[in-house]
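Here are the chains, one letter per residue:
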Number of protein chains: 2
Amino acid sequence: MLKCQICKATYPDVFRLKCDCGGLLDVVNEFEKPLEDLLNSDYLDIRRYLNLLPVNQKTLPSLTPPITPVIERKIEGMKVLFKLEYLMPSGSFKDRGTYVTVAKLKEEGIKEISLDSSGNAAISFALFGKAENIRVHVFIPKHTSEGKKKLLRLLKAEIHEIDGSRMEVHEKAQEFKGATYVSHWYNPYFLEGTKLTAYEAFEQIGEVEYVIIPTGSGSLFLGLYKGFKELERFGKIKKIPKLIAVQAKGFESLGKRSKEKNMLGEGIAIPEPPRKEQIKSALKESKGVHISVSEEETKKALEELRSMGFIVEATSAVGYAGFKLLLKKELLKENSKTLMPLTGSGFKSLTL
Amino acid sequence: MLKCQICKATYPDVFRLKCDCGGLLDVVNEFEKPLEDLLNSDYLDIRRYLNLLPVNQKTLPSLTPPITPVIERKIEGMKVLFKLEYLMPSGSFKDRGTYVTVAKLKEEGIKEISLDSSGNAAISFALFGKAENIRVHVFIPKHTSEGKKKLLRLLKAEIHEIDGSRMEVHEKAQEFKGATYVSHWYNPYFLEGTKLTAYEAFEQIGEVEYVIIPTGSGSLFLGLYKGFKELERFGKIKKIPKLIAVQAKGFESLGKRSKEKNMLGEGIAIPEPPRKEQIKSALKESKGVHISVSEEETKKALEELRSMGFIVEATSAVGYAGFKLLLKKELLKENSKTLMPLTGSGFKSLTL
């Protein structure tokens, strides 16, 4: 069931971006069995969690995302649990949200869609669209990396390059007629996909104290929040972990905007995310914080990640840069466990 | 235990490329429990299969490969089961072999290694080496794709570019002094890693009639053979599937060498693989065949794979091109199940 955040109207589980009143929608799930009975251990991939999703299991996308591994490293006395979300068919965590969204699109026979993206969501939808014969219009900023553009061309996406800010790209996509607009900024089903990161992590490593998340539109942040809330409702965790939203300096939406601009966070350079208030309230509920990091800090974090064997793109390093900053400020509890999703593959930006 | 193919001498499970007599070595495993008791279902990654490997579980590499998903597609009446081996930390199936090899290197405290590779094995060892503080010398052909070279530089591998054929690269690496040579062409532990593809596939999709494998040095082919042989010994499958080795025209090692050269199979352009006789005997035992495919067939296969949502490199498409050729020649049983590992990510060659 979908429920409006403003007028509380409800809708059945059909594909829908917003309420008739213009309000944002959330998926509300009722689970009538314990988690153990819902997990499908016959599957060693994302389908293990199908019963937690509002989808018709007969119209699933053919591309099945893996369960991503978790790598534990001890860093300055802390256990950091890197979750390799970049090991996905399109090279980013977005595939989780795309998987659920495309399942809904297939249920309804939708064959032509449009979306705006800094790159990763565009590639993800282009890939899943290609595999399902769905025509995909992608609106991307002109400065998107050449590797990502090349991929979009290879996948035969209809590319609309916009010479403007990320917000202008978003406006152009919304104005476009003739295709179903599937923006992951609004789309409530996208978060059903990204919530599975929390379920997987729980099965892999149990409870954690912190989760550190590069945050732009909040499509990963809010998914993780939702996943942990559900795990709490299932009685699997005592309380949800502290969620830490890390943003790029100059593109903060949750705190004061810095003058200095960190241009390495292309995936999260979203000054006005539609779900901003929802992110703030999840932050507050989890007793988390938001911080922002500089370009230099991001660059250094990227190198450190590489030396641990993680070939990720710069936006992924924003989270780790945030972790280092919190360490420096002594804001993390000693000997604590921190979950850190690594969001996007570094392979796609090799041409940079 | 290691056993020599020629003089039958045996060695304990230490890192070793060849027998003192010069013969090739195989790992011989004795399993004293049924498979169910050996699988570790606490893990949702490669560690699920640790008890099947001759490694000390206390010195495992920190980078843990995922269980790769299997995607089923119906193609001209056949069930094809694509296994996405390219969704690995370094972007190719090689990470399986590297994982086991590096576990052995760590057991023995080896800190500097050398190897020769067309690219993927080099990147894999460079990555795992970086994560474990092992210095890695890679010998690669000069014509290796720019994307792969860039990655090797990023990973701070010691790059030795050789202006010569793949066999000349191999010779140069063998001559190099001052580091432990870990060639996956000889290294018996490499096959322990790649055999896990068979175990995973068995758990995911049960028995199959055919397995189609791009084959150069045989590091995947022989691993799969070994995995299925072990599954047969465990009583899990009645007989091993027919193994089909697909090679690039002009680089055949198993059959007559074509004059025409397929330059798209850089990963398998190995005219004289040291384990050639072993490949031939596995082919015969499984009642399989070897075939070779042209550049045009490979290119077409690559496009078809992409349209199914698989962003792979050209070498991976050699297997699918072989499948299409066998279909055309009506050499596959109707309604049969074929396992097709997709070996390398297309992201790394984006700069081409």
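What you see is a predicted model; the values in this text were computed from it and never measured.

The rules we used
- Residues numbered from 1 in each chain as written.
- Chains lettered and ligands numbered in written order.
- Predicted model: local features only at pLDDT ≥ 70, side-chain atom pairs only at ≥ 80, totals over all residues.
- Heavy atoms only, no water.
- Least-squares fit on C-alpha atoms with pLDDT ≥ 70 in both.
- Contact = heavy atoms within 4.5 Å.
- Pairing = 2+ DSSP bridges.
- Helix = DSSP H or I, 4+ residues; strand = E, 2+ residues; numbered from the N terminus.
- Domains from an automatic or database assignment.
- Buried area = accessible area lost by both parts, 1.4 Å probe.
- Salt bridge = Lys/Arg side-chain N within 4 Å of Asp/Glu carboxyl O.
- Polar contact = N/O pair within 3.5 Å; in protein donor to acceptor, adjacent residues only side chain to side chain.
- UniProt positions renumbered as here; feature names shortened; annotations may be inferred.
- Axes fitted to C-alpha atoms, helices over the stretch in contact; angles between N-to-C directions.
- Parallel < 35°, antiparallel > 145°, perpendicular 65-115°, else oblique.
- Left-handed = near helix turned anticlockwise from the far one by under 90°.
- Nonpolar A, V, L, I, M, F, W, Y, C, P; charged D, E, K, R; others polar.
- Buried < 20%, exposed > 50% of the residue type's maximum accessible area, 1.4 Å probe, protein only.
- Arc of directions from axis to C-beta.
- Phe/Tyr/Trp six-rings, centres within 6.5 Å; stacked < 30°, edge-to-face > 60°.
- Lys NZ or Arg CZ within 6 Å of the ring centre and 35° of its normal.

Student: Help me understand the relation of the copies chain B and chain A in this model?
Tutor: Between the two copies of the chain lies a rotation about an axis combined with a shift along it. With an RMSD of 0.0 Å, chain B superimposes on chain A once it is rotated by 180° and translated 0.0 Å along the axis. What the superposition gives is, in effect, a two-fold axis relating one chain to the other. Interface overlap between copies: 100% of the residues of chain B at the interface are likewise at the interface in chain A, consistent with a symmetric, same-surface contact.

Student: Looking at this structure, I do not really get the pairing of strand 4 (residues 70–75) of chain B. What am I missing?
Tutor: Here is the key point about a regular strand: its side chains alternate between the two faces of the sheet. Residue and element names in this part refer to chain B. For strand 4 and strand 5 (residues 78–84), the ladder comprises six bridges, and the chain directions are antiparallel. For Ile 71, the partnering residue across the bridge sits in strand 5 and is Phe 82. As consecutive antiparallel partners, strand 4 and strand 5 are separated by two residues, and within that stretch Glu 76 has a phi angle of approximately 45°, a positive value.

Student: I would appreciate a short explanation of the domain arrangement of chain A in the present structure.
Tutor: How big an interface is tends to be stated in terms of accessible area lost as the parts join. Residues and elements named next belong to chain A. Here chain A is partitioned into domain 1 (2–51), domain 2 (70–91 + 194–349) and domain 3 (94–188). Taking the mean C-alpha position of each, domain 2 and domain 3 sit 24 Å from one another. The interface is formed by 23 residues belonging to domain 2 together with 22 residues belonging to domain 3. Around 1900 Å² of area is buried between domain 2 and domain 3 when both sides are counted, 53% of it from carbon and sulfur atoms. Our enumeration of links across domain 2 and domain 3 arrives at four salt bridges. Close ionic contact of Lys 148 with Glu 266 constitutes a salt bridge, the shortest N to O distance being 2.8 Å. Where domain 2 meets domain 3, there are eleven residue pairs in polar contact (both at pLDDT 80 or more).

Student: What should I look at first to understand the interface of chain B and chain A in this one?
Tutor: Chain B puts 41 residues into the contact, and the matching count from chain A is 41 residues. Counting each side, the surface lost to burial between chain B and chain A is near 3600 Å², with a carbon and sulfur contribution of 68%. Across the contact surface, chain B and chain A share zero salt bridges. The tally of links between chain B and chain A comes to two residue pairs in polar contact (both at pLDDT 80 or more). For the side of chain B that touches chain A, the secondary structure elements donating two or more residues are strand 4, helix 3 (120–132), helix 4 (146–154), helix 7 (196–205) and helix 10 (295–307) of chain B.

Student: Please explain the UniProt feature "domain: Tryptophan synthase beta chain-like PALP" (unreviewed entry) in chain A as it appears in this structure.
Tutor: Per the UniProt record, "domain: Tryptophan synthase beta chain-like PALP" (unreviewed entry) is annotated on residues 74–344 of chain A. Within the segment residues 74–344 of chain A, helix and strand shares are 42% and 18% respectively, and the terminal C-alpha atoms sit 22 Å apart.

Student: Explain the packing of helix 8 (residues 221–233) of chain A against helix 9 (residues 276–285) of chain A to me, please; I cannot follow it from the model alone.
Tutor: Residues and elements named next belong to chain A. Where helix 8 meets helix 9, the closest approach of the two axes is 10 Å, and the angle between their N-to-C directions is 45°. It follows that helix 8 is oblique to helix 9 by the angle criterion. As for how helix 8 packs across helix 9, the hand of that crossing is left-handed. Contact residues: helix 8 offers Phe 221, Leu 222, Tyr 225 and Lys 229, while helix 9 offers Gln 278, Ile 279, Ala 282, Leu 283 and Glu 285. Looking at the contact of helix 8 with helix 9, its residues break down into six nonpolar, one polar and two charged.

Student: What should I look at first to understand the sheet that holds strand 4 (residues 70–75) of chain A in this one?
Tutor: Residue and element names in this part refer to chain A. Taken in spatial order, the six strands make up an open sheet running 4-5-13-10-11-12, and their pairing is mixed. Two strands lie at the open edges of the sheet, namely strand 4 and strand 12 (289–293), each paired on one side alone. Averaged over all neighbouring strand pairs, the angle between strand axes comes to 25°, with direction disregarded. Contacting strand 4, strand 5 (78–83) and strand 13 (337–341), helix 7 (residues 196–205) crosses the sheet at an angle of about 130° to strand 5.

Student: Explain helix 9 (residues 276–285) of chain B to me, please; I cannot follow it from the model alone.
Tutor: Side chains that are three or four residues apart share a direction in an α-helix, a result of its 3.6 residues per turn. Residue and element names in this part refer to chain B. The complete set of buried residues in helix 9 reads Lys 276, Gln 278, Ile 279, Ala 282 and Leu 283. Projected down its long axis, helix 9 shows its buried positions confined to an angular sector of 160°, all on one face. Of the exposed residues in helix 9, the ones pointing more than 90 degrees away from its buried face are Glu 277 and Lys 284. Turning to helix 9, the residues buried within the fold contact strand 3 (25–27), helix 8 (221–233), strand 11 (242–248) and strand 12 (289–293). At the C-terminal side of helix 9, Lys 287 shows a positive phi close to 60°.

Student: Is there a simple way to think about the environment of Tyr 186 of chain B in this case?
Tutor: All names here are of chain B. Here Tyr 186 shows up in the loop between strand 9 (180–181) and helix 6 (188–194). Residue classification places Tyr 186 among the buried residues on the basis of a relative accessible area of 9%. Counting along the chain gives 137 residues from Tyr 186 to Phe 323, while the straight-line C-alpha distance between them is 28 Å. Discounting residues that sit within four places of it in the chain, Tyr 186 has contacts with Leu 17, Lys 18, Leu 24, His 170, Gln 174, Tyr 181, Pro 274 and Arg 275.

Student: When you look at the packing of helix 7 of chain B against helix 8 of chain B in this model, what are you seeing that I'm missing?
Tutor: Packed helices, taken two at a time, are described by the angle their axes make and the gap between the axes. Residue and element names in this part refer to chain B. The geometry of helix 7 relative to helix 8 is characterised by a closest axis approach of 6 Å and an angle of 55° between their N-to-C directions. Considering their axes alone, helix 7 and helix 8 lie oblique with respect to each other. Of the residues in helix 8, those touching helix 7 at Thr 197, Ala 198, Tyr 199 and Phe 202 are Leu 224, Gly 227, Phe 228, Glu 230 and Leu 231. Residue composition of the contact of helix 7 with helix 8, grouped by class: six nonpolar, two polar and one charged.

Student: Help me understand the packing of aromatic side chains in this model?
Tutor: For any pair of aromatic rings, the description rests on two quantities: the centre-to-centre distance and the angle between the ring planes. Applying the stated criterion to the full structure yields 16 aromatic pairs over all chains. A centroid spacing of 5.1 Å and a plane angle of 25° characterise the contact between Phe 31 of chain A and Phe 234 of chain A, whose relative ring orientation is stacked. Linking Phe 31 of chain A in the loop between strand 3 (25–27) and helix 1 (35–38) with Phe 234 of chain A in the loop between helix 8 and strand 11 (242–248), this pair joins segments that are 203 residues apart in sequence. Take Phe 234 of chain A: its relative accessible area is 18%, and that puts it in the buried class. Plain terms: the ring middles of Phe 82 of chain B and Tyr 320 of chain B are 5.8 Å apart, the flat faces sit at 55° to each other, and that makes the pair tilted. You can see Phe 82 of chain B sitting in strand 5 and its partner Tyr 320 of chain B sitting in helix 11 (residues 314–328), a full 238 residues away along the chain. Sitting above the plane of the Phe 251 of chain A ring, Lys 261 of chain A keeps its charged end 5.4 Å from the centroid.

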